[in-house]
Protein chains: 2
Amino acid sequence: MILAKKIQRMAERAREAAREVAIMPTEAKNHLLLQMADALLARKETIHKQNQKDLKEAWQKKLSPALTDRLTLTDKRIEEMAHGLQEVSGLPDPVGQIVKSWVRPNRLEVSRIRIPLGVIGMIYESRPNVTVDAAGLCLKSGNAILLRGGSEAFFSNRILGRILQGVLKKDNKNPDMIQVVETTARQGMESLVRQSGTIDLIIPRGGEGLMRWIERHSKIPVLKHDKGVCHIFVDEEANLEMAEKIAFNAKVQRPGVCNAMETLLVHEKIAPHFLPRIVKKMEEAGVEIRGDAGVRKIVPHVNKATKKDWSAEYLDLILAVRVVPGLEEVIRHIQKYGSSHTESIVTENRKTAAEFLRRLDSSVVLWNASTRFNDGGQLGLGAEMGISTTKLHAFGPMGLEELTTTKFVVKGNGQIRE
Amino acid sequence: MILAKKIQRMAERAREAAREVAIMPTEAKNHLLLQMADALLARKETIHKQNQKDLKEAWQKKLSPALTDRLTLTDKRIEEMAHGLQEVSGLPDPVGQIVKSWVRPNRLEVSRIRIPLGVIGMIYESRPNVTVDAAGLCLKSGNAILLRGGSEAFFSNRILGRILQGVLKKDNKNPDMIQVVETTARQGMESLVRQSGTIDLIIPRGGEGLMRWIERHSKIPVLKHDKGVCHIFVDEEANLEMAEKIAFNAKVQRPGVCNAMETLLVHEKIAPHFLPRIVKKMEEAGVEIRGDAGVRKIVPHVNKATKKDWSAEYLDLILAVRVVPGLEEVIRHIQKYGSSHTESIVTENRKTAAEFLRRLDSSVVLWNASTRFNDGGQLGLGAEMGISTTKLHAFGPMGLEELTTTKFVVKGNGQIRE
């Protein structure tokens, strides 16, 4: 009960602070971002010391090497966080941008102008850099943020939050615009997602368990950053060399991320030529192939894919492969098993490509390029809060603009409704 | 249990149909809309007959005259529904519109393209015309829709849904793109808001009870169409004649709607001149005035406003009035008591107006115009699903564009991530 009250108070203070940051001039926001970058670099030692506490617990709890690695704040990672803030300070300020304007027959002048969303609640796991990245993007877009990281990064998130708040205080700004929820109790998260009167949006980033939990408990709108079951379709008219390069990149370059390919669909007409070479190349890189009957007719030694494989997000060096009779079956397959995240087609046929790009409603659809490009930085949004798999508001990578909404501003000279 | 299964099946069929309507050519959609308009006009008698059944129950249940009026489908209202569909057929199709496009340094061509949201669940009360209006907007924007109206309009909604489906069937289109949930059981609504796997968005329109219920029960993102506590501020530098005209229009022209003014804030410097005349004019139109101490010093006969009045949505000929020392207090008052719906300032001072328009984050802010202009048709969106009070996705009037989202379409020639 005391914790719930504390979270409620934090959210109320964030709401107050949101009004200040919403109308803060661009230069003031950029100045703060640069100061924050400097503060992180100046306090590397303090950050390491707190990070060590988290790492010690991670070892005791025998966290997996992958998770422990994500948790570790090396000098390089602290520099990357600082550099991220500097980059965000250089991006255009979305607040106040005029999206569109027009004049009505009665001479009312109407425009739609970008305004911040208000208060954002970010709930995330392991990587402490999210604390800094998300805070920077929210500050620049005029939003207040409540950050609730995982218990495994408790000390790291706490010190990062305090450094950022220190900069706000030193600059006589309301420190409540960036608040880290300093508790590991699950009840803290539960209280957070109930503050529908003060928090405008919950952004969860993490595993499936977290997503399901948030979906069940949140009383606030949620933009999910859910799983990516990403496909590549190699068409009968594909340039096979290009297809090999793209498929290999999409699976192997960084298999643990949501925009890595999980299923490869190969047109039956080129399967006899393409499958042997791509399977060989993948296997040389340590990828386990799981194929359907059509695949195993051509490369019999690979494992058998079961129905579960078609909707699996492996995040690992495993690849499901299927031979398909053509585009119609590709679209059916992706609509049935996909997660609306990222799909790519490799083909030289403009018409086939156009049909693929038009009919699939995933957040990013690509032609002759790797699925790994579904990323705010890569697509030119500058930086990202994550990749939304919710169609509402922001679908795909979320940059600064996606952290805003629009209001209608109407100028008249005495107009009334008849 | 059987009902829950039935609703689940309806939602699954809507999901299937959504794929068809999403890629339907503009001409085909426009043709259907015109056919639907004709069908409504041709079947006026049938509609009247079903509507009579609802009206008979309304009389038996002694529904208020206002509610009964909303329920009544006169010839004129049927013609208005038909005309609405014809208008929507003439609006530009948002699906496929390129919102923005750019080229990355690696020569990837990126564009953001409008796509439908998918399946929309509309939950509404009393007015049966919403059945037709919402179905038309969803069809044009490429979405499937499940319509769940109130039990008081059961027969009217059912016949309207059947007429629209009849046109789809006659044209060999999947009738599941427009489905009316033909049940009055509350459980039907409960099942509907749980279909998070198939329905993309819930749009509720109705009273506060319905809003709270949906907020508590929905597992699907919700765009609320909540209450409007709308303000007008008459500044010390207002043209008082204009102020009188605007305030009168905002309160009296149609007091029962969400964009009608509920609170009038008057600058203390002009209050002695302005209050007597506006109070007189309002009272002559039957408006009850509830004033604070500052108001009652000038017009002592008016009723005393209590704290509750400042956040009341009267939807009636009642007006709360307060005398304020200036813009800062106006902003504080609106932030504290308002509902982020619609606010207007009347002033000749450009700077004061700019500050008002910039600092308030309501969905529509106006300068020298009536609050009654917060309306999709009036602002030039063509037609509207309602007025969203949720900041996410669509804030303010929702037109066709607001029923879409964007996907990223990326064209390359073999690009991979390094």
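Residues numbered from 1 in each chain as written. Chains lettered and ligands numbered in written order. Predicted model: local features only at pLDDT ≥ 70, side-chain atom pairs only at ≥ 80, totals over all residues. Heavy atoms only, no water.

This part is about the overall build of chain A. Each helix and strand in chain A was counted, giving 15 helices and 16 strands. Its C-alpha atoms give chain A a radius of gyration of 24 Å, within 12% of the compact-globule value 22 Å for 418 residues. Judged by the C-alpha coordinates and their principal axes, chain A covers about 70 × 70 × 40 Å. A total of 418 residues make up chain A; the buried ones form 60% of that total. For chain A, restricting intrachain contacts to residue pairs at least 6 apart in sequence, the fraction spanning at least 24 positions comes to 71%. Entry remark: accessible area of chain A is about 16700 Å², with carbon and sulfur atoms responsible for 49%. Positive and negative side-chain charges of chain A, numbering 63 and 51 respectively, have mean locations separated by a distance of 5 Å. (Helix = DSSP H or I, 4+ residues; strand = E, 2+ residues; numbered from the N terminus. Rg over C-alpha atoms; globule rule 2.2 N^0.38 Å. Buried < 20%, exposed > 50% of the residue type's maximum accessible area, 1.4 Å probe, protein only. Contact = heavy atoms within 4.5 Å. Areas by Shrake-Rupley, 256 points an atom, 1.4 Å probe, with all protein chains shown as cover. Lys, Arg positive; Asp, Glu negative; His and termini not counted. Charge placed at Lys NZ, Arg CZ, Asp CG, Glu CD.)

For any two helices packed against each other, the geometry is given by the interaxial angle and the distance between the axes. All names here are of chain A. In the contact formed by helix α2 (residues 26–42) and helix α5 (residues 75–90), the axes pass within 8 Å of each other and the chain directions differ by 170 degrees. Between α2 and α5, the angle is such that the two are roughly antiparallel. From α2, N30, L33, L34, M36, A37, L40 and L41 reach across to α5, where they touch I78, E79, M81, A82, L85, Q86, V88 and S89. For the contact of α2 with α5, the class distribution of residues is 11 nonpolar, three polar and one charged. (Axes fitted to C-alpha atoms, helices over the stretch in contact; angles between N-to-C directions. Parallel < 35°, antiparallel > 145°, perpendicular 65-115°, else oblique. Nonpolar A, V, L, I, M, F, W, Y, C, P; charged D, E, K, R; others polar.)

Take the confidence of the model for chain A next. Interpreting fine coordinate detail is not advised for predicted regions of low pLDDT. Per-residue pLDDT for chain A averages 95, and the proportion of residues at 70 or more is 100%. Note on the complex model: pTM 0.92, ipTM 0.93. (pLDDT = per-residue confidence, 0-100.)

Okay, the environment of Y124(A) next. Residues and elements named next belong to chain A. Of note, Y124 is situated in strand β3 (residues 119–124). Sequence separation between Y124 and R148 is 24 residues, and the spatial gap between their C-alpha atoms is 6.5 Å. When neighbours within four sequence positions are excluded, Y124 is seen to be in contact with V130, T131, L147, R148, G149, G150, N157 and R205.

This paragraph deals with the sheet that holds strand β11 (residues 318–324) of chain B. Read from one edge of the open sheet, 10 strands run β1(A)-β2(A)-β16(A)-β13(B)-β12(B)-β7(B)-β8(B)-β11(B)-β9(B)-β10(B), paired in mixed fashion. Only two strands of the sheet have a single neighbouring strand rather than two, namely β1 (98–103) of chain A together with β10 (303–304) of chain B. Bridge count for strand β2 (residues 109–116) of chain A against strand β16 (residues 404–415) of chain A is eight bridges, and the pairing is antiparallel. Looking across to β16(A), one finds that P116(A) is bridged to T404(A). Docked against the sheet, helix α11 (residues 271–284) of chain B engages β7 (230–234), β8 (261–267), β9 (288–291) and β11 of chain B, running at close to 155 degrees with respect to β8(B). (Pairing = 2+ DSSP bridges.)

On to the pairing of β11(B). Residue and element names in this part refer to chain B. Buried residues dominate β11, accounting for seven of its seven residues. Every second residue of β11 is oriented toward a common face, with I318, A320, R322 and V324 on one face and L319, V321 and V323 on the other, all of them buried. Where β8 lies against β11, five bridges are found, and the strand directions are parallel. Residue pairing across strands places V266 opposite V323, the latter belonging to β11. Where β9 meets β11, four bridges bridge the pair, whose relative direction is parallel. Within the sheet, the bridge partner assigned to I289 lies in β11 and is L319.

What follows covers the pattern of salt bridges. Residue and element names in this part refer to chain A. Counted according to the given criterion, the structure contains 66 salt bridges over all chains. D200 is paired through a salt bridge with R15; the nearest N and O atoms lie 2.7 Å apart. Note that D200 is positioned in the loop between α8 (186–192) and β6 (201–205) and R15 in helix α1 (residues 2–22), a separation of 185 residues in sequence. Accessibility expressed as a relative area gives 17% for R15, which makes it buried. Each of the salt bridges in this network shares a partner with another, and the network as a whole consists of E208, R212, E215, K224 and D226. (Salt bridge = Lys/Arg side-chain N within 4 Å of Asp/Glu carboxyl O.)

This next bit is on the relation of the copies chain B and chain A. Superposing chain B onto chain A takes a rotation of 180 degrees combined with a translation of 0.0 Å along the rotation axis, leaving an RMSD of 0.1 Å. The symmetry that links the two subunits is that of a two-fold axis. Residue H393(B) of chain B places its C-alpha closer to the rotation axis than any other residue of that unit, at 1.9 Å. (Least-squares fit on C-alpha atoms with pLDDT ≥ 70 in both.)

Moving on: helix α10 (residues 240–252) of chain B. Residues and elements named next belong to chain B. Over its 13 residues, α10 extends 18 Å from the first C-alpha to the last, a length consistent with the 18 Å expected when each residue adds 1.5 Å. Of all 13 residues in α10, 10 are buried; the element is thus mostly enclosed. Along α10, the positions that sit buried rather than exposed are L240, M242, A243, E244, I246, A247, N249, A250, K251 and V252. (Expected span 1.5 Å × (residues − 1).)

On to helix α6 (residues 129–140) of chain B, then. Residues and elements named next belong to chain B. Compared with an ideal rise of 1.5 Å per residue, which puts 12 residues at 16 Å, α6 spans 17 Å between its outermost C-alpha atoms and is within 8% of the ideal. Counting buried positions along α6 yields 10 of 12 residues, so the element is predominantly enclosed. If you check which residues of α6 are buried, you get V130, T131, V132, A134, A135, G136, L137, C138, L139 and K140. A positive backbone phi angle near 75 degrees is found at G142, which sits one or two residues after α6.

Mapped onto the elements of the fold, H393(A) is located in the loop between β14 (386–388) and β15 (396–398). Since its relative accessible area comes to 17%, H393(A) is described here as buried. Within the structure, H393(A) has its side chain in polar contact with the backbone oxygen of E402(A) (distance 2.9 Å). At 2.7 Å, the side chain of H393(A) and the backbone nitrogen of H393(B) are in polar contact. The residues contacting H393(A), other than those within four sequence positions of it, are L117(A), L223(A), E402(A), T404(A), L392(B) and H393(B). (Polar contact = N/O pair within 3.5 Å; in protein donor to acceptor, adjacent residues only side chain to side chain.)

All names here are of chain A. Under the defined criterion, the tally for this structure stands at two aromatic pairs over all chains. On the basis of an interplanar angle of 80 degrees and a centroid distance of 5.0 Å, the ring pair of F154 and F155 is categorised as edge-to-face. For F154, a relative accessible area of 18% translates into the label buried. Directly above the aromatic system of F248 lies the positively charged group of K281, at a separation of 4.7 Å from the ring centroid. (Phe/Tyr/Trp six-rings, centres within 6.5 Å; stacked < 30°, edge-to-face > 60°. Lys NZ or Arg CZ within 6 Å of the ring centre and 35° of its normal.)

Once that is clear, we can look at the interface of chain B and chain A. Contacts between chain B and chain A engage 70 residues on the former and 70 residues on the latter. Summing both partners gives a buried area of about 6100 Å² for chain B against chain A, and 54% of it is carried by carbon and sulfur. At the boundary of chain B and chain A, one finds four salt bridges. R112(A) serves as the salt-bridge partner of E402(B), at 2.7 Å between the closest nitrogen and oxygen. Summed over the shared surface of chain B and chain A, the result is 46 residue pairs in polar contact (both at pLDDT 80 or more). Taken together, the elements giving at least two residues each to the side of chain B that touches chain A come down to β1 (98–103), β2 (109–116), α9 (208–217), α10, α14 (350–359), β13 (364–369), α15 (376–379) and β16 (404–415) of chain B. At 11 residues, β16(B) tops the list of elements feeding residues into the side of chain B that touches chain A. Of the residues contributing to the side of chain B that touches chain A, the split by class is 28 nonpolar, 21 polar and 21 charged. Strand direction decides the pairing type here: β16(A) and β13(B), joined by five bridges, are parallel. When the sheet's bridge partners are listed, K411(A) is paired in β13(B) with W367(B). (Buried area = accessible area lost by both parts, 1.4 Å probe.)

Let us now look at the side chain of D93(B). Residues and elements named next belong to chain B. By secondary structure assignment, the location of D93 is in the loop between α5 (75–90) and β1. From its side chain, D93 meets the backbone nitrogen of V95 in a polar contact 2.9 Å long. Setting aside anything within four residues of it in sequence, one finds D93 in contact with T26, K29 and K140.

All names here are of chain B. Secondary-structure assignment places G206 in the loop between β6 (201–205) and α9. In the structure, G206 is positioned 20 residues away from D226 in sequence and 7.7 Å away in space, judged by C-alpha atoms. Aside from chain neighbours lying at most four places away, what touches G206 is E125, M211 and H225.

Moving on, we get to the state of the cysteines. Applying the stated criterion to the full structure yields zero disulfides over all chains. C258(A) takes part in no disulfide bond, and the closest cysteine sulfur, belonging to C230(A), lies 6.8 Å away. (Disulfide = S-S within 2.5 Å.)

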